[in-house]
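Here's the letter readout for the chains.
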Amino acid sequence: VSTQSTGSSGINAEYGDHNHFYCYCFVCYYTRELFVGIMPRSTGTFLERLDAGPVIGDGGFVFALEKRGYVEAGPWTPEAVVENPEAVMQLHREFLRAGSDVCQAFTFYASEDKLNNRGHSAGQHGCYGINTAACNLVRSASYPEGALIAGGVSQTPTYLTAVSPEAVKDEVKKQLKVFKEQKVDLMIAEYYEHVEEAEWHIHAIKEYMPGTPICASLAINADSDVHGVPTGECGVRLVKAGADVIGVNCHFDPFRCIEAVVKMRDAVKEAGLKCHFMVQPL
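Being a predicted model, the structure only gives us computed values, none of them experimental. (Residues numbered from 1 in each chain as written. Predicted model: local features only at pLDDT ≥ 70, side-chain atom pairs only at ≥ 80, totals over all residues. Heavy atoms only, no water.)

Participant: Where do I start with helix H11 (residues 231-241) in this structure?
Facilitator: Every α-helical turn comprises 3.6 residues, leaving residues that sit three or four positions apart pointing alike. By the criterion of burial, H11 is predominantly enclosed, with 8 of the 11 residues buried. Here H11 has its buried residues at Thr231, Gly232, Cys234, Gly235, Val236, Leu238, Val239 and Ala241. At its buried positions, H11 is contacted by helix H10 (195-208), strand S6 (214-218), strand S7 (245-249) and helix H12 (254-270). (Buried < 20%, exposed > 50% of the residue type's maximum accessible area, 1.4 Å probe, protein only. Helix = DSSP H or I, 4+ residues; strand = E, 2+ residues; numbered from the N terminus. Contact = heavy atoms within 4.5 Å.)

Participant: Would you explain the packing of aromatic side chains in this entry?
Facilitator: Note on aromatic pairs: each is described by the distance of the centres and the angle between the planes. Tallied over the full model, the rule gives 7 aromatic pairs. Pairing Phe61 with Phe95 gives two aromatic rings, centres 5.5 Å apart and planes at 20 degrees, and the pair type is stacked. Residue Phe61 is located in helix H3 (residues 61-67), and its partner Phe95 is located in helix H5 (residues 85-98); the two are separated by 34 residues in the primary sequence. The pair formed by Phe61 and Phe95 is uniform in burial state, with each residue classed as buried. (Phe/Tyr/Trp six-rings, centres within 6.5 Å; stacked < 30°, edge-to-face > 60°.)

Participant: How should unusual backbone geometry be read in this particular structure?
Facilitator: Working note: non-glycine residues mostly have negative phi, and peptide bonds are mostly trans. At Trp76, a residue that is not glycine, the phi angle is positive and equals roughly 55 degrees. With respect to the helices, strands and loops of the structure, Trp76 is situated in the loop between H3 and helix H4 (80-83). You can call Trp76 partly exposed: its relative accessible area is 22%.

Participant: Explanation requested: the packing of helix H7 (residues 126-142) against helix H9 (residues 165-182) in the structure shown.
Facilitator: When two helices pack together, their arrangement is given by the angle between their axes and by how far apart the axes lie. Two elements in contact, H7 and H9, have axes whose closest approach is 9 Å; the angle formed by their N-to-C orientations is 30 degrees. Compared by their axis directions, H7 and H9 come out roughly parallel. For the pair H7 and H9, the crossing hand works out as right-handed. The segment H7 lies against H9, with Cys127, Tyr128, Asn131, Thr132, Cys135, Asn136 and Arg139 engaging Lys174, Gln175, Lys177, Val178, Phe179, Glu181 and Gln182. Looking at the contact of H7 with H9 residue by residue, the classes come out as 5 nonpolar, 5 polar and 4 charged. (Axes fitted to C-alpha atoms, helices over the stretch in contact; angles between N-to-C directions. Parallel < 35°, antiparallel > 145°, perpendicular 65-115°, else oblique. Left-handed = near helix turned anticlockwise from the far one by under 90°. Nonpolar A, V, L, I, M, F, W, Y, C, P; charged D, E, K, R; others polar.)

Participant: Looking at this structure, I do not really get the pairing of strand S5 (residues 186-192). What am I missing?
Facilitator: Looking down a regular strand, the side chains alternate between one sheet face and the other. Within S5, 7 of the 7 residues are buried, which leaves it mostly tucked inside the rest of the structure. Pairing of strand S4 (residues 148-154) with S5, which is carried by 5 bridges, proceeds in the parallel orientation. When the bridges of S5 are listed, Gly151 appears paired with Met187. Examined bridge by bridge, S5 and S6 share 4 bridges and lie parallel to one another. Bridging across to S6, Ala189 finds its partner in Ala216. Each parallel crossover has a hand, and for S5 linked through H10 to S6 it is right-handed. (Pairing = 2+ DSSP bridges. Right-handed = clockwise from strand over helix to strand, strands pointing away.)

Participant: I tried to follow the nonpolar core on my own but got confused; where do I start?
Facilitator: Counting residues in each nonpolar core, the largest one holds 74 residues, and the members touching the most others are Phe106, Val153, Leu218 and Ile246. Apart from the residues within four sequence positions on either side, Val153 is in contact with Val172, Gln175, Leu176, Phe179, Met187, Ile188, Ala189, Glu190, Tyr192, His201 and Ile205. With 11 residues, the next largest nonpolar core counts Val55, Val102, Ala150 and Val245 among its residues. (Core = buried A, V, L, I, M, F, W, Y, C linked by side-chain atoms within 4.5 Å.)

This is the structure in structure tokens:
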């Protein structure tokens, strides 16, 4: 299972009491066949669909589009939504035909500070322009097929030098402006090496887009985040911050990712909390 940052394979559909995985699968067709069989998409809101069983999403956009020549390796920024929209639309269509229930706007690494700190063309479009183009593309592709759409944010360069949570949250809210205007069905906060930054991003989403379901995943192993916070504790902190779905993504293979999420699941259950889980291996 994967988000825009990675690609992957499928896993078991349930962990714990009434908890289902939000599954981002690079090969959606085979994951749908494994989890739910060849069947029409479910209906309802994101959380209603997830309560009923596994939800399949698209993913791996930066890798797929880099291989096709539309994303620059290294920066991994999504200016293709403005410069080559037909390529992005084609990939959305391919994931929908493969069975995606949710399609994510291609906005990975689209924070204003990230777009400007690599010195290439992405900064000239700005996060508002990129996110607007991304949302228009994903909406045009997804809604006619009955799929939901997700906005997305990820770790920011500002966090590494920030003097306060508000500086980081301000960067996030610049991105959220479009997602709020577009009324996306859910938000995905992904690829964090520090649980603290993920918490700040979740807080920003809850403040700026109250009521919007939030998926939050960390790019960590089964031991801890980069600051040494144990993985189980990271899971508890994500739920307490307000995430509806938590998990890990990128960096590691499916087996180590599942090991990390099992630790999150056990810690969340021990804390008397409930949520859904996601695994997004490299």
